[in-house]
Amino acid sequence: MTSAPSSASQAAVELSAAPDRSEAAERAAQLFEESFGYQPDGVWSAPGRVNIIGEHVDYQDGLCLPMAISHRCFAAAARTPTNRLRLRSAQDETVLDIDARTLAPETVTGWPAYVAGVLWALGSRISGASTRGMDILIDGQVPLGAGLSSSAALECSAAEAIEDLLSLGTEPLERVRAAITAETDFAGASTGGLDQSASVLSREGHALFLDCRDFSTRPVPWDLASQGLALLITDTRAEHSHVDGEYTARRADSERAAQELGVATLRDVDAADVAALESLLAQIPDEVVRRRAHHVITEIQRVRDVDALLAAGAVREHVAELGALLNASHDSLRDDYEVTVPQLDVAVEAARAAGAHGARMTGGGFGGSTIALVEAEQAEQVAAAIAAAFAEHGFDSPVFFLALPSEGAGQDR
Ligand code: GLA
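Residue positions are counted from 1 within each chain, in the order its sequence is given. With the structure being a predicted model, the display of local features is reserved for residues of pLDDT at least 70 and the display and counting of side-chain atom pairs for 80 or more, all residues being used for whole-chain, interface and lining totals. Excluded from the side-chain calculations are hydrogens and water; all other atoms, namely the structure's heavy atoms, are used.

A.B. asks: Where do I start with the packing of helix α2 (residues 112-121) against helix α4 (residues 172-186) in this structure?
C.D. replies: Where α2 meets α4, the axes come as close as 8 Å, and the angle between the chain directions of the two elements is 115°. Crossing handedness for the pair α2 and α4: right-handed. Residues A113, Y114, A116, G117, V118, W120 and A121 of α2 touch α4, and the partners they reach there are A178, A179, T181, A182, E183, D185 and F186. Ten residues, namely Ala, Val, Leu, Ile, Met, Phe, Trp, Tyr, Cys and Pro, are considered nonpolar, four, namely Asp, Glu, Lys and Arg, are considered charged, and the remaining ones, Gly among them, are considered polar. Looking at side-chain class alone, the contact of α2 with α4 contains 10 nonpolar, two polar and two charged residues. The angle between two axes is taken between their N-to-C directions and runs from 0 to 180 degrees, where each axis is a line fitted to C-alpha atoms and a helix contributes only its stretch in contact. Secondary structure is summarised from DSSP: a helix means a run of H or I of at least four residues, a strand means a run of E of at least two, and numbering begins at the N terminus for each. Working rule for handedness: look at the near helix, and if it is turned counterclockwise from the far one by less than a right angle, call the crossing left-handed; if clockwise, right-handed. When checking whether two residues touch, look at their non-hydrogen atoms; a contact exists if any pair is within 4.5 Å.

A.B. asks: Can you help me understand the sheet that holds strand β11 (residues 369-375) in this one?
C.D. replies: Backbone-to-backbone hydrogen bonds pair the strands of a sheet. The strands run either parallel or antiparallel. Pairing between strands requires that DSSP locate at least two bridges from one strand to the other. Pairing within the open sheet is mixed, and its five strands lie in the order β1-β12-β9-β11-β10. Each end of this open sheet is capped by a strand with a single partner; those strands are β1 (15-16) and β10 (358-362). Relative to β11, strand β9 (residues 229-235) runs antiparallel, the two being bridged by seven bridges. In the sheet register, L231 faces β11, and the bridge partner there is L373. Sitting on the sheet, helix α9 (residues 319-335) touches β9, β10 and β11, and the angle it makes with β10 is about 40°.

A.B. asks: Any chance you could explain the packing of α4 against helix α5 (residues 194-201) here in plain terms?
C.D. replies: Between α4 and α5, the least distance of the axes is 9 Å, while the angle of their chain directions is 145°. In terms of crossing hand, the pair formed by α4 and α5 is right-handed. Here P172, L173, V176, A179, I180 and E183 of α4 lie close against α5, whose contacting residues are Q196, S197, V200 and L201. Across the contact of α4 with α5, the residue classes tally to seven nonpolar, two polar and one charged.

So, in structure tokens, the structure goes:
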């Protein structure tokens, strides 16, 4: 791996911004009208996310610290006096027109499965006498394939719309669970719940402390802008390949590790005493499984450490220690968990060399995005250094955003 050029005098880069939320909601309403020929009852939206720390631990009852980003998925929708579920998208020509009472896993494929799956998952909440028909127009503004949870944003925007259109009376956590069920049981994809929790439960200006043992959450102040800091997102645009298979394999390794250590999940292992942890891990015969366990257990401890630092003061006061924890997280995902690809490692190395306090991959890995904790005034310089390193390696040009801690899912109009 080569490090980034030390001089950051490269060409200026652009930090892309998300579309303005109210303008985007207006646009979704207009697209609905063009598509269905009448005005929607409302527009709902849900954000994508970055995970600040706590990666590949949600499916082991771990702790995570995600935040919602300002890119959102919009769902303009209206209830109809029928049982037809009709779906259209501003990004894709696939349409769905199905009797909502017949929804079952494998009856719907492609992006519509993530919306239809939510209606199916909320089915037990819908009274037998009620019609289930609705028209929904999706306008997804979360970059696709960037590891920023565009599918969770899709599910969660649909969950908000369905909740309000059918007056179901669900709590936010129930909608989180419905979105998870839609993804795992209906669309047939794998997820541990981090993404849906962040999309529904995040608060503006805050990160979300998430305990995946019971999905309890609390907001944690994360207002970087007022402290002259920024979180730079780099979408590496590296192709996700074999993501599902690798994700499933990592989950299987971590489950095997828990079994061999005699615990229900790796959350039950204490990582505070490093020497004790090493001798405990020595009980795992397979070297790869041992490293997988080492990642999950130490990553959960790093979330505890970050949470303790944030409880003790503002980000600015502990920026060096927080940066070091982000760095350690990435290194563990690269070496122990092996979910990085060269583009993720190069982006992280270049950010660190250009002065970032810390940098790591975020999300599931195997492509997707990195985050870097930087001085706000250096964000463009760090981005330029990453772009230069990508050019030097012959990688596709990355795309940059600032991660502004945003509000979770809700109604727009
Ligand atoms: C993906 C999954 C999440 C989580 C992350 C890794 O984003 O959907 O549930 O497991 O990977 O932290």
